[in-house]
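This is what each chain is made of:
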Amino acid sequence: MKSLTNHELISVASGAAAAADKTLLILGASGDLVGRLLLPGLGKLLANDSERPLSLVGSDTADWDDNRWRQRVADSFASVGALDGQASATARDARYLRADVTLQEDLRRILAACRGQVIIFFALPPSVTLQACRALAGFGLPKDTQLMLEKPFGTDAAGAEQLNELLLGLVPEERIHRVDHFLGMSAVLNIIGLRFANRVFEPLMNAEHVERVDIVFDENLALECRAGYYDSTGALVDMVQSHLLQVLALLTMEAPPTINAREIRERKAQVLRATRLWNDDVPAHSRRARYSAGSIDGRPLPGYVDEPGIDPCRGTETLAEVMLAVDTWRWAGVPFRLRSGKAVATNRKEAVITFKQPARLPGGLIGYELANQLRIGFGPDELSFDININGPGEPFTVETARLRADLGPGDLPPYGEVLRGVLDGDPTLSVRGDTAEQCWRIVEPVLRAWRAGDVPLLEYPAGSEGPADSLM
Ligand code: NDP
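Please read these numbers as outputs of a predicted model, since none were measured by experiment. (Residues numbered from 1 in each chain as written. Predicted model: local features only at pLDDT ≥ 70, side-chain atom pairs only at ≥ 80, totals over all residues. Heavy atoms only, no water.)

## Thoughts on the packing of aromatic side chains
Part 1 of the reasoning: According to the stated counting rule, one finds nine aromatic pairs in the structure shown.
Part 2 of the reasoning: With a centroid separation of 6.4 Å and 50° between ring planes, the pair formed by Trp69 and Tyr96 is classed as tilted. With Trp69 in helix α3 (residues 66-79) and Tyr96 in strand β3 (residues 95-98), this residue pair connects regions lying 27 residues apart in the sequence. By the burial criterion, Trp69 is buried, and Tyr96 matches it.
Part 3 of the reasoning: Consider the rings of Phe182 and Phe217, whose centres lie 5.2 Å apart with planes at 55°: the pair is tilted. Placement of the pair is Phe182 in the loop between β6 (176-178) and α8 (186-196) and Phe217 in strand β7 (residues 210-218), with a sequence separation of 35 residues. For the pair shown, Phe182 and Phe217 are each scored as buried.
Part 4 of the reasoning: Taken together through their ring pairs, the aromatic side chains of Tyr230, Tyr291, Tyr304 and Tyr460 make up a single cluster. (Phe/Tyr/Trp six-rings, centres within 6.5 Å; stacked < 30°, edge-to-face > 60°. Helix = DSSP H or I, 4+ residues; strand = E, 2+ residues; numbered from the N terminus. Buried < 20%, exposed > 50% of the residue type's maximum accessible area, 1.4 Å probe, protein only.)

Take a look at the structure:
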């Protein structure tokens, strides 16, 4: 990335910016998430909108100054071509304050440097976020402060409940944004339009017509230098407990009368309250595995336990799979398989709804093999629907044809979309407190059984399709 001089930093700021009435305060400003995902998302949002004056304050233990922080902001914005609109003014005027955010006096000092309404983004290790919130509870926050918290939200249901109580002592629920950036992905948001704006799909989305649902997020990326975080988290908590359960909720919720935070979040909460492991049988309906040495695209990869920073004794899984039941009138009896794996040969990121076979095939129509499948791809973002037709070869032999639609990546990256909601004071895309607790409740029996060794930790070579067999 080309470095900008201070002169260039100032000169890219085009036009006079309106005075900012909001400050985004980022705690943990020198960390990975901020540079890789948050700032590019913010840059895109601001570049698309010159009517959104925003001050940016970064804080961290790192010995940085304003210029170093501005450079990071400008580099991140430039990486997504975000140099127009409000982006350049926000980058130019960004401020940095070195602090230990677990200390009240440091937090007071940082907050005093913020203008207007403050949005505090906790881009911190979860234990530090907890300590910072405790320190904040010792004094009154500025009026209308909003809080943004990253996953994992707590470490179990009880921890999430305690954190919720602590946060609710600071600000009301509507101003607490538990971030799940999957909810900012356009392909995930498209589930709402697909289900509720089409007469042809929604009447079929129930146990009478659906055989099974697979929600899969397999990636060929391995650790990507995130051993410290990943080894204490694992695939089940990193992906299933958060992102994939949010996708399940959007796929299974009842139709909201309007698209707003109250209606959408209540309907998601309803289905998550009804979700549990299939037959409550962890050994039969969960699987865990970790990758051994292998290669991906010709690139050799060490086994997970040989990656720097990994403690093999932890037994952390890099692939998790669970089969869930959504015990509602609509979905009773339909298995939902949620799976996510790292270092897998095929990037497979999709939700697949497999429909039941037709009640009867006319005699003489031959070759039927595949049921209808509706696929919602989360990268590439595309939709496809497999239908059975007869022709074009033998007239009465059934063949499968695929109808495809490109959903496109959306105008904003997921963090840009999530930030837009927060800056507008709209929690629709934020995870509600009780939902965060429910997501822990769903996976906790699995976590307990895995820790107790009740389910074997399988191995798969990096670059393979994961362990043989599947839960269904
Ligand atoms: P990093 O460790 O890269 O960044 C955290 C930052 O917080 C570090 O710069 C760290 O400084 C700083 N910090 C730690 N303690 C304090 C303190 N007492 N006062 C001030 N600053 C402090 O973590 P990530 O950016 O990867 O993750 C941040 C959060 O986002 C985590 O909750 C993570 O689970 C979540 N997340 C991360 C994703 C990612 O892709 N990175 C994706 C989704 C969620 P120092 O290094 O000196 O300790």
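Moving on from the coordinates now.
## Observations regarding helix α13 (residues 414-423)
Part 1 of the reasoning: Judged by how many residues are buried, α13 sits mostly within the fold: eight of ten residues are covered.
Part 2 of the reasoning: Three or more residues of α13 are buried, namely Tyr415, Gly416, Glu417, Val418, Leu419, Gly421, Val422 and Leu423.
Part 3 of the reasoning: If you follow the buried residues of α13, they end up packed against β1 (22-27), α2 (32-47), β4 (117-122), β5 (146-149), β6 and α8.
Part 4 of the reasoning: Once α13 finishes, Gly425 follows within two positions and takes phi at roughly 70°, a positive value. (Contact = heavy atoms within 4.5 Å.)

## As for the site of the ligand
Part 1 of the reasoning: Close to the ligand lie 23 residues, the nearest being Asp32, Leu33, Arg36, Asp60 and Lys151.
Part 2 of the reasoning: In this structure, Ser30 approaches the ligand through a side-chain N or O atom, which is 3.0 Å from an oxygen atom.
Part 3 of the reasoning: Between the ligand and Asp100 there is a distance of 2.9 Å, counted from a nitrogen atom to a side-chain nitrogen or oxygen.
Part 4 of the reasoning: Here the ligand, which alone exposes 890 Å², has 76% of that area covered by the protein.
Part 5 of the reasoning: Going through the elements one at a time, α2 and α6 (126-136) are the ones with two or more residues in the shell around the ligand.
Part 6 of the reasoning: Considering every element that reaches the shell around the ligand, the biggest residue donor is α2, with four residues. (Near = heavy atom within 4 Å. Polar contact = N/O pair within 3.5 Å; in protein donor to acceptor, adjacent residues only side chain to side chain. Areas by Shrake-Rupley, 256 points an atom, 1.4 Å probe, with all protein chains shown as cover.)

## Thoughts on the packing of α2 against α13
Part 1 of the reasoning: Where α2 meets α13, the closest approach of the two axes is 7 Å, and the angle between their N-to-C directions is 65°. Between α2 and α13 the crossing geometry is right-handed. Residue-level contacts link Leu33, Leu37, Leu38, Gly41, Leu42 and Leu45 of α2 to Tyr415, Gly416, Leu419, Arg420 and Leu423 of α13.
Part 2 of the reasoning: Counted by class, the contact of α2 with α13 contains eight nonpolar, two polar and one charged residues. (Axes fitted to C-alpha atoms, helices over the stretch in contact; angles between N-to-C directions. Left-handed = near helix turned anticlockwise from the far one by under 90°. Nonpolar A, V, L, I, M, F, W, Y, C, P; charged D, E, K, R; others polar.)

## So, the domain arrangement of the protein chain
Part 1 of the reasoning: Domain assignment breaks the protein chain into domain 1 (6-150) and domain 2 (183-461).
Part 2 of the reasoning: For domain 1 versus domain 2, the separation of C-alpha centres amounts to 32 Å.
Part 3 of the reasoning: Carbon and sulfur atoms make up 72% of the surface buried where domain 1 meets domain 2, a total of about 1300 Å² over both sides.
Part 4 of the reasoning: The largest per-residue losses of area from domain 1 upon contact with domain 2 belong to Leu45, Arg52 and Met148, which jointly make up 34% of the total buried on that side.
Part 5 of the reasoning: Where domain 1 packs against domain 2, one counts two salt bridges.
Part 6 of the reasoning: Across the salt bridge formed by Arg52 and Asp424, the nearest N and O atoms sit 2.9 Å from each other.
Part 7 of the reasoning: Connecting domain 1 to domain 2 are four residue pairs in polar contact (both at pLDDT 80 or more).
Part 8 of the reasoning: Only β1, α2, β4 and β5 provide two or more residues apiece to the side of domain 1 that touches domain 2.
Part 9 of the reasoning: Top element by residues in the side of domain 1 that touches domain 2 is α2. It accounts for ten residues.
Part 10 of the reasoning: A breakdown of the residues in the side of domain 1 that touches domain 2 according to their chemical character gives eleven nonpolar, three polar and six charged. (Domains from an automatic or database assignment. Buried area = accessible area lost by both parts, 1.4 Å probe. Salt bridge = Lys/Arg side-chain N within 4 Å of Asp/Glu carboxyl O.)

## Structural notes on the side chain of Glu444
Part 1 of the reasoning: By the element assignment, Glu444 lies in helix α14 (residues 433-451).
Part 2 of the reasoning: Here Glu444 is buried and forms no salt bridge, its nearest opposite-charge partner Arg448 lying at an N-O distance of 4.3 Å.
Part 3 of the reasoning: Once residues within four sequence positions are removed from consideration, Glu444 is found in contact with Asp156, Ala157 and Ala158. (Lys, Arg positive; Asp, Glu negative; His and termini not counted.)

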